Amino acid sequence: MTRPTARGLTTAVCSAALLTAGLLLAYREMAMLGAAGLTAFALSSLWSLSPPRVVVDRLVEPRRVRRGEPALATADVVVLGRFRRLLTFTDPVREEGSDREDLPSGRAAVLAKPGIPARVSFALPTGRRGVFQIGPVSVGRDDPLGLWSVTRPAGPAETFTVWPAWHPLTRGAIGSAAEIEGERELVDAGSITFHALREYVPGDDLRHIHWRTSARAGTLMVRTHVDAAVARLVLVLDDRLASYPDSAAFEEAVEVAASVVVATVEGGLSLRLMLASGAGGERSIGQTQTGLDQLAAVRLTIGGGEVGELRARLTLHTAGDAVLLVTGMKADLSLLGPLSARYRSVAAAVVGPPPDDPLKWAVFAPAADQLVNALQDRLWNVSSSR
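Calculation rules
- Residues numbered from 1 in each chain as written.
- Predicted model: local features only at pLDDT ≥ 70, side-chain atom pairs only at ≥ 80, totals over all residues.
- Heavy atoms only, no water.
- Pairing = 2+ DSSP bridges.
- Helix = DSSP H or I, 4+ residues; strand = E, 2+ residues; numbered from the N terminus.
- Axes fitted to C-alpha atoms, helices over the stretch in contact; angles between N-to-C directions.
- Contact = heavy atoms within 4.5 Å.
- Phe/Tyr/Trp six-rings, centres within 6.5 Å; stacked < 30°, edge-to-face > 60°.
- Buried < 20%, exposed > 50% of the residue type's maximum accessible area, 1.4 Å probe, protein only.
- Core = buried A, V, L, I, M, F, W, Y, C linked by side-chain atoms within 4.5 Å.
- Parallel < 35°, antiparallel > 145°, perpendicular 65-115°, else oblique.
- Left-handed = near helix turned anticlockwise from the far one by under 90°.
- Nonpolar A, V, L, I, M, F, W, Y, C, P; charged D, E, K, R; others polar.
- Polar contact = N/O pair within 3.5 Å; in protein donor to acceptor, adjacent residues only side chain to side chain.

Undergrad: Account for the sheet that holds strand β3 (residues 64-66), with residues named and values stated.
TA: If you walk across this open sheet you meet the 4 strands as β3-β12-β9-β6, and the pairing is mixed. Two strands in the sheet have a free side with no partner beyond their single neighbour: β3 and β6 (93-95). Strand-to-strand twist in this sheet, taken as the mean axis angle between neighbours without regard to direction, amounts to 30 degrees. With 3 bridges connecting them, β3 and strand β12 (residues 158-163) associate as parallel partners. Residue Val65 lies in a different strand from β12, and its bridge partner there is Val162. In the packing of helix α6 (residues 288-297) onto the sheet, contacts are made with β3, β9 (130-134) and β12, and the angle to β12 comes to roughly 95 degrees.

Okay, structure coming up:
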């Protein structure tokens, strides 16, 4: 893309004004000065017809990061040609599905020599949860007078994910559910129910390798199985705008949900994750990364997820499951009451101060770490009655 710079536009406007005034006033020197400025502007535009030929190799590390942890984008810029160039490097960062333009982008001036990579590094924004797009990279250069600028795309866009923060929830608190509701560990492949595919690790039974998927993926993939009779935790994250006083409270709820996902999955237990609005359907979370990726992308939803609809979806599960609702202080918790006949354990984690008459199976706290600490003692030992 070729366009005049701010200096170029100023030069063109002022030169045109000088030329016009000089001709009207018969002031030869003024007219000559204006003509010289317009000539320089026109000649500079011819310089910009030759965009820089470059190759950019970008590395984002890591591609998934916990909120607040460092992440770095590093790009090597190589000029194709015989002369060194002073280039402007731009690598924009934007959040997918958002119109906000408040994220810092990678911008730098690069003096690139032919065949020698010029390295540009910049820190990625990890201060807020989300799925972000980096790029596409654009590289440009100005003419010697700085009147025109030409840029061209030089690298593809890539995806970068910032997971929500999470807080420790010990294996003991989660594991006590298995003692009440039955063994929840993934069973050996002798079980008849297929669960998921994962990469092979040394020690896996070679009989359980899925050869067709392994051929497509380029690496060995192994079938894992679960006992279809075991109960599972159903984690419901309330993503409805009406349930929260503000977006900050929703972020605390997402952190609570992330804490439960990490503790449950890494404890080897079965977990199903659903959103109260019904967006994205219901997913079985077999890996921590899968659950955190889904939580990184979740957004507040206006409307949807009526109490009756949510209760109907929850009652479709086999009796004996545990259900945990993570929500805000403005939510209607009455939907969990009738579920006590279908679930052995019913609990709600509410972001906000406790009311005067709290439910026995609901825990309240204004911050995620405090709410996780409250769940530590009460998650699996709450009663479904008041």
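Next, the rest of the story.
Undergrad: I'd love a proper account of the packing of aromatic side chains, names of residues and values included.
TA: One pass over the structure, following the stated rule, counts 3 aromatic pairs. Ring geometry for Phe132 versus Phe160: centroids 6.4 Å apart, planes at 35 degrees, classification tilted. Taken together, the positions of Phe132 in strand β9 and Phe160 in strand β12 put the pair 28 residues apart, joining distant regions of the chain. For Phe160, a relative accessible area of 0% corresponds to the buried category.

Undergrad: A description of the pairing of β12 should follow, citing residues and the corresponding values.
TA: Among the 6 residues that make up β12, 5 are buried, leaving the element largely enclosed by the rest of the structure. Looking at chain direction, β9 and β12 are connected through 5 bridges and run antiparallel. Across the sheet, the residue bridging to Phe132 is Phe160, located in β12.

Undergrad: Quick one: what's the story with the nonpolar core, residue by residue and with numbers?
TA: Ranked by size, the top nonpolar core spans 39 residues in total, and within it Leu235, Leu237, Val256, Leu295, Leu324, Val326 and Ala349 carry the most contacts. If you list the elements that add at least two residues to this core, you get β15 (233-237), α5 (247-266), β16 (271-275), α6, β18 (322-328), β19 (345-351), β20 (362-365) and α8 (368-378). With 12 residues, α5 is the largest single contributor of residues to this core. Ranked by size, the runner-up nonpolar core spans 26 residues in total, among them Val60, Ala73, Val77 and Ala154.

Undergrad: Outline the sheet that holds strand β8 (residues 118-123), supporting the account with residue identities and numerical values.
TA: In spatial order, the strands read β2-β4-β8; together these 3 strands make up an open sheet with antiparallel pairing. The sheet terminates laterally at β2 (54-61) and β8, the two strands that pair on one side only. Strand-to-strand, the axes of this sheet are offset by a mean angle of 20 degrees, without reference to chain direction. As paired elements, strand β4 (residues 72-79) and β8 share 6 bridges and run antiparallel to each other. Bridge pairing in β8 places Ala73 opposite Phe122.

Undergrad: Outline the packing of helix α1 (residues 6-25) against helix α2 (residues 28-47), listing residues and values.
TA: Direction vectors running N to C along α1 and α2 enclose 150 degrees, while the axes themselves pass 7 Å from each other. In terms of axis orientation, α1 runs roughly antiparallel to α2. In this structure, the crossing between α1 and α2 has a hand that is left-handed. Of the residues in α2, those touching α1 at Gly8, Leu9, Thr11, Ala12, Ser15, Ala16, Leu18, Leu19, Ala21, Gly22 and Leu23 are Met30, Ala31, Leu33, Gly34, Ala35, Gly37, Leu38 and Phe41. Split into classes, the residues belonging to the contact of α1 with α2 amount to 13 nonpolar, 6 polar and no charged.

Undergrad: Tell me what's going on with the side chain of Asp91, and back it up with residues and numbers.
TA: Along the chain, Asp91 falls in strand β5 (residues 85-91). Taking the relative accessible area as the measure of exposure, Asp91 reaches 0% and is therefore buried. Here the side chain of Asp91 touches Arg58 through a polar contact of 2.8 Å, side chain to side chain. Here Gly135 takes part through its backbone nitrogen, which lies 3.2 Å from a polar atom of the side chain of Asp91. Beyond its immediate sequence surroundings of up to four residues, Asp91 is in contact with Arg58, Ser105, Gly106, Phe122, Ile134, Gly135, Pro136 and Val137.

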